[in-house]
Amino acid sequence: MVKNRYKIPVSFSLPRRIQRLSELSFNMWWVWNQDAQQLFRLIDKPLWDKLSHNPIAFLHQVDRALLNRTINDLYFLDRYDAVMKKFDQYLEAKNTWFTETYPQLEKEQIAYFSFEFGLHESLPVYAGGLGILAGDHLKTSSDLGLPLVGVGFIYKNGYFMQSISEDGWQETRNFYLNYSEVPIIPLTDEQGKPLAISIDLPGRSVFARIWQVNIGRNFLYLMDSDLDENSPNDRQLTSRLYSNDLDVRISQEILLGMGGVRVLRILGYKPTVWHMNEGHSAFLALERILEMIDRGKTFEEATEIVKKNNVFTTHTPVPAGNDQFPIWLIDKYFSQIWPKLNLSRDQFVDLGKQAQTWGETFVMPVLALKLSEHMNSVSELHGDVSRKMWNWLWPDRGENEVPITHITNGIHTGTWIARQTNLLFQKYLAPDWMDRADEPEIWENIERIPDFELWAVRKHLKRKLTVYCNEVARRKWQEGGFHPVQVVASGVLMEPYSLTIGFARRFATYKRANLILRDYERLLKLVTNERMPVQIIFSGKAHPADEPGKLIIQEIYRAVKDARMGGRLIFLEDYDMNVARLLVQGVDVWLNTPRRPNEASGTSGMKAALNGVLNFSVLDGWWREGYNGKNGWPIGDDTEYQDTNQQDEIDSRDLYETLENEIVPLYYQSRSADNLPNEWIARVKETIRSNAPKFSTRRMVKEYMNNLYAGAAENNVDK
Ligand SMILES: *Cc1c(COP(=O)(O)O)cnc(C)c1O
């Protein structure tokens with residue numbers, strides 16, 4: 001049926017000796033294998049950086065003479081052969097954690113649905129943490145040998161590109177994905193036509209073609225409605241993430257859930273685990289029920305069967321984050337479907353209905369919770385919050401009996417570790433430390449790293465970040481239309497010797513990016529202290545429709561521009577995985593100030609901890625589990641507040657006090673004779689030792705397998 005699953009769709013004219021670079025560029029395995037990235041860097045580092053580390057664009061554009069030179073370079077060829085050998089061994093490995101732990105489940109398949117996937121900056125089909133988590137989940141599933149397949153969308157306009165105007169207003173620019181420069185393999189049918197599925201929307205069918213992305217041993221399938229068969233409007237259906245247009249949004253979700261099941265069917269998959277990463281894909285449960293009804297089951301029987309295989313992860317306690325639709329929209333899109341399910345309108349609407357203060361809506365997480373037997377939240381505290389929040393769905397149970405467990409998020413070590421940190425760990429932890437990143441024992445070896453070596457790497461990474469800020473500013477200045485104040489705001493006055501704090505995330509209001517501005521004069525004093533200056537780098541996007549979020553960016557930008565701050569506050573535009581990597585590796589302190597308990601988990605702080613950056617954060621989400629008294633600092637405590645203004649006031653005071661009395665002095669004053677901040681370094685070691693194993697996705701995906709997937713897979717409905 002599918003003709004060309006493994007055929008790379010472009011031909012690069014590479015010297016024969018290194019022609020497998022093309023294969024490498026089409027498997028995202030290179031993203032978490034630094035030796036593989038090093039190959040491209042060795043050929044032409046400036047080009048590699050200029051093309052946002054995109055190997056396909058790189059192979060298209062690289063100078064032939066440089067390629068030809070490599071085949072006489074014995075050092076390069078040695079590295080090349082080693083990478084290819086490692087790549088082959090990885091792809092062919094028979095013994096993985098999964099095959100050894102679950103030999104009886106060898107034939108099962110796990111489907112993982114997500115609205116976004118953050119795998120690398122060169123494939124920008126993500127907006128934030130949810131997508132990054134999905135990407136890290138896929139990579140780790142491959143590492144552990146899980147037979148997992150991903151389903152999502154390719155967005156040809158991505159999320160959006162951000163620039164900040166001179167007066168601090170977020171401006172959005174359209175982004176256009178160049179299909180010939182992303183690692184997507186078009187699937188075609190026997191006639192060579194794009195392999196496509198279709199779904200029914202009011203008055204028409206919409207078609208979507210399927211692209212394949214190779215993620216190590218596994219595949220991700222991305223749907224794309226940009227096909228001749230569709231109307232101009234429908235061709236745009238999958239062009240953008242998180243549209244505000246409700247018709248677009250519900251159509252996308254029908255395509256993701258119902259269409260996604262059809263994608264897997266057309267490709268011959270029979271998953272026994274169906275994981276919904278957030279509620280956007282919950283319509284997949286309806287499609288599976290329809291399949292069962294076609295086989296002669298009643299709605300009730302079908303639901304009982306289907307539920308057993310469904311896994312649902314909820315990611316937010318913030319109401320605006322819980323995807324919902326007005327009931328009239330459900331009437332518009334589902335009146336053809338409820339008869340097929342043998343349901344009345346009211347019975348159908350009940351599947352997702354939640355009464356709000358302003359009326360009733362159809363809530364996707366409600367649908368997912370009702371149609372899944374396996375449910376989880378993403379941190380311990382978020383578990384408590386979620387059980388309380390959804391208790392009304394289980395009215396005869398107490399809060400603690402609500403069947404939503406928790407699996408705390410993690411990060412994919414290979415994706416987020418700095419190269420220099422990795423080399424240090426290889427030397428002192430174990431050469432294969434990364435394959436054992438979730439084993440606490442190997443991290444005890446952190447003590448073996450000499451302070452001066454660890455500090456040299458930390459300093460190197462901060463310099464790298466400084467150079468990056470300078471280069472971005474230089475490029476924009478050269479391009480023109482960039483006001484001098486914007487040059488300063490992008491960090492040209494930044495230097496690598498001061499204590500540097502990073503704050504980067506989506507600008508949702510509950511994240512309180514402006515908490516640190518609450519007492520402006522106090523901040524000014526902190527930042528411009530001559531003996532102990534502090535630099536703060538902000539980065540992040542507000543959703544284009546989020547006016548309060550954009551106002552917070554403007555408030556920050558005003559402070560960034562304020563000459564009195566001396567150029568020590570910085571705003572880096574266009575936060576993405578590249579900027580995230582530079583920041584979580586390069587700053588000294590990672591700041592997070594969500595209004596508790598709204599941060600379900602957060603993952604950027606985990607990336608920081610892995611690289612020896614100290615967290616300074618509200619005891620919300622993951623940090624409530626990560627903080628142990630000596631590996632960073634808390635903001636506030638476990639107090640619950642009714643009055644958010646009071647909460648903000650108390651948290652901000654605590655923030656300034658800890659900065660003034662603990663963090664800044666510890667960085668500057670506890671220097672030994674060799675000018676090493678030994679006490680600081682002790683904390684760096686403690687944060688790596690205590691957090692790295694616990695918050696790795698190896699730990700996380702194993703928990704998904706052991707606690708949720710294994711149970712779901714035992715109910716093989718096709719047997
Ligand atoms: C890790 C990451 C996030 C999520 O970080 P949070 O701490 O959860 O806000 C968002 N965006 C990018 C680009 C990331 O790398």
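Before reading further, recall that the structure is shown in the block above.
Scope of this entry: the structure provided in the associated data block.

Quick look at helix 10 (residues 283–294)
- Helix length check: helix 10 (12 residues) gives 17 Å between terminal C-alpha atoms against 16 Å at 1.5 Å per residue, within 8%.
- Counting buried residues in helix 10 gives 10 out of 12 residues, a clear majority hidden from the surface.
- Regarding helix 10, the residues found buried are Phe 283, Leu 284, Ala 285, Leu 286, Glu 287, Arg 288, Ile 289, Leu 290, Met 292 and Ile 293.
- With its phi angle positive at about 100°, Gly 296 sits one or two positions after the end of helix 10.

Considering the sheet that holds strand 11 (residues 324–326)
- With antiparallel pairing, the 3 strands of this open sheet are ordered in space as 11-13-12. Taken across any chain shown, the strands that pair with only one partner, and hence form the sheet edges, are strand 11 and strand 12 (353–356). The sheet shows a mean angle of 40° between the axes of neighbouring strands, direction not considered.
- Sheet topology places strand 11 next to strand 13 (residues 359–363); 3 bridges connect them, and they run antiparallel. Paired with Gln 324 across the bridge in strand 13 is Val 363.
- Each of strand 11 and strand 13 is contacted by helix 12 (residues 327–334), which is oriented at about 85° to strand 11, the strand it contacts most.

A few points about the side chain of His 120
- The residue His 120 is located in the loop between strand 1 (110–114) and helix 7 (129–144) in this model.
- Relative accessible area serves as the criterion here: at 3%, His 120 is assigned to the buried category.
- Here Ser 122 takes part through its side chain, which lies 2.8 Å from a polar atom of the side chain of His 120.

Re the nonpolar core
- Residues Leu 21, Leu 24, Phe 334 and Tyr 709 are the most contacted members of the largest nonpolar core, which totals 147 residues.
- Ranked by the residues each element gives to this core, the list is headed by helix 29 (residues 697–713), at 9 residues.
- If we skip the residues at most four places from it in the chain, Leu 21 touches Leu 14, Leu 39, Phe 40, Ile 43, Leu 59, Tyr 80 and Met 84.
- In terms of nonpolar packing, the next biggest core, distinct from the first, is built from 94 residues, Ile 537, Ala 542, Ala 608 and Tyr 667 among them.

Regarding the environment of Ile 663
- Tracing the backbone shows Ile 663 in helix 27 (residues 644–669).
- Separated by 600 residues in sequence, Ile 663 and Asp 63 place their C-alpha atoms 48 Å apart.
- Ignoring anything within four residues of it in the chain, the contact list for Ile 663 reads Leu 499, Val 589, Phe 616, Trp 633, Thr 658 and Trp 680.

Notes on the packing of helix 9 (residues 246–266) against helix 10
- Orientation of helix 9 relative to helix 10, taken along the N-to-C sense of each, is 45°, at an axis distance of 8 Å. Relative to helix 10, the element helix 9 is oriented oblique. Considering only the axes of helix 9 and helix 10, their crossing is right-handed. For the pair helix 9 and helix 10, contact is made by Ile 250, Glu 253, Ile 254, Gly 257, Met 258, Val 261, Arg 262 and Arg 265 and by Phe 283, Leu 284, Glu 287, Arg 288, Leu 290 and Glu 291, respectively.
- By residue class, the composition of the contact of helix 9 with helix 10 is 7 nonpolar, 1 polar and 6 charged.

Here we look at the packing of helix 2 (residues 34–50) against helix 5 (residues 74–92)
- At a minimum axis distance of 9 Å, the contact between helix 2 and helix 5 shows a crossing angle of 150°. With respect to each other, helix 2 and helix 5 are oriented roughly antiparallel. Judged by the twist between their axes, the crossing of helix 2 over helix 5 is left-handed. Residues Asp 35, Ala 36, Leu 39, Leu 42 and Ile 43 of helix 2 form the contact with helix 5, whose own contacting residues are Tyr 75, Phe 76, Arg 79, Tyr 80, Val 83 and Lys 86.
- Of the residues in the contact of helix 2 with helix 5, the class split is 8 nonpolar, no polar and 3 charged.

Description of helix 20 (residues 451–479)
- With 29 residues, helix 20 should reach 42 Å at 1.5 Å per residue; the first-to-last C-alpha distance of 42 Å fits that figure.
- Immediately beyond the C-terminal end of helix 20, within one or two residues, lies Gly 480, with a positive phi of roughly 90°.

A look at the site of the ligand
- By nearness alone, 14 residues border the ligand, and Trp 416, Ala 580, Thr 603, Ser 604 and Lys 607 come closest of all.
- With respect to the ligand, the backbone of Thr 603 contributes an N or O atom lying 3.1 Å from an oxygen atom.
- With respect to the ligand, the side chain of Ser 604 contributes an N or O atom lying 2.5 Å from an oxygen atom.
- In isolation the ligand has 390 Å² of accessible area, and contact with the protein removes 94% of it.
- Looking at the shell around the ligand, the elements that each hand over two or more residues are helix 7, helix 24 (577–586) and helix 25 (604–610).
- The class makeup of the residues in the shell around the ligand is 5 nonpolar, 5 polar and 4 charged.

Quick notes on the pattern of salt bridges
- If you walk through the whole model with that rule in mind, you get 47 salt bridges.
- Glu 380 is the partner of Arg 624 in a salt bridge, and the nearest nitrogen-oxygen pair spans 4.0 Å. Residue Arg 624 is found in helix 26 (residues 623–626), and its partner Glu 380 is found in helix 16 (residues 380–389); the two are separated by 244 residues along the sequence.
- Taken together, the salt bridges that share partners define one network made up of Lys 156, Asp 226, Asp 228 and Arg 235.

So, the side chain of Asp 546
- Mapped onto the elements, Asp 546 comes out in the loop between strand 17 (534–539) and helix 23 (547–561).
- In this structure, Asp 546 is buried with no salt-bridge partner, the nearest side chain bearing the opposite charge being Arg 506 at 6.9 Å.
- The residues contacting Asp 546, other than those within four sequence positions of it, are Phe 507 and Ala 508.

Criteria and thresholds
Residues numbered from 1 in each chain as written. Predicted model: local features only at pLDDT ≥ 70, side-chain atom pairs only at ≥ 80, totals over all residues. Heavy atoms only, no water. Helix = DSSP H or I, 4+ residues; strand = E, 2+ residues; numbered from the N terminus. Expected span 1.5 Å × (residues − 1). Buried < 20%, exposed > 50% of the residue type's maximum accessible area, 1.4 Å probe, protein only. Pairing = 2+ DSSP bridges. Axes fitted to C-alpha atoms, helices over the stretch in contact; angles between N-to-C directions. Contact = heavy atoms within 4.5 Å. Polar contact = N/O pair within 3.5 Å; in protein donor to acceptor, adjacent residues only side chain to side chain. Core = buried A, V, L, I, M, F, W, Y, C linked by side-chain atoms within 4.5 Å. Parallel < 35°, antiparallel > 145°, perpendicular 65-115°, else oblique. Left-handed = near helix turned anticlockwise from the far one by under 90°. Nonpolar A, V, L, I, M, F, W, Y, C, P; charged D, E, K, R; others polar. Near = heavy atom within 4 Å. Areas by Shrake-Rupley, 256 points an atom, 1.4 Å probe, with all protein chains shown as cover. Salt bridge = Lys/Arg side-chain N within 4 Å of Asp/Glu carboxyl O. Lys, Arg positive; Asp, Glu negative; His and termini not counted.

So yeah, pure geometry; function would need other evidence.
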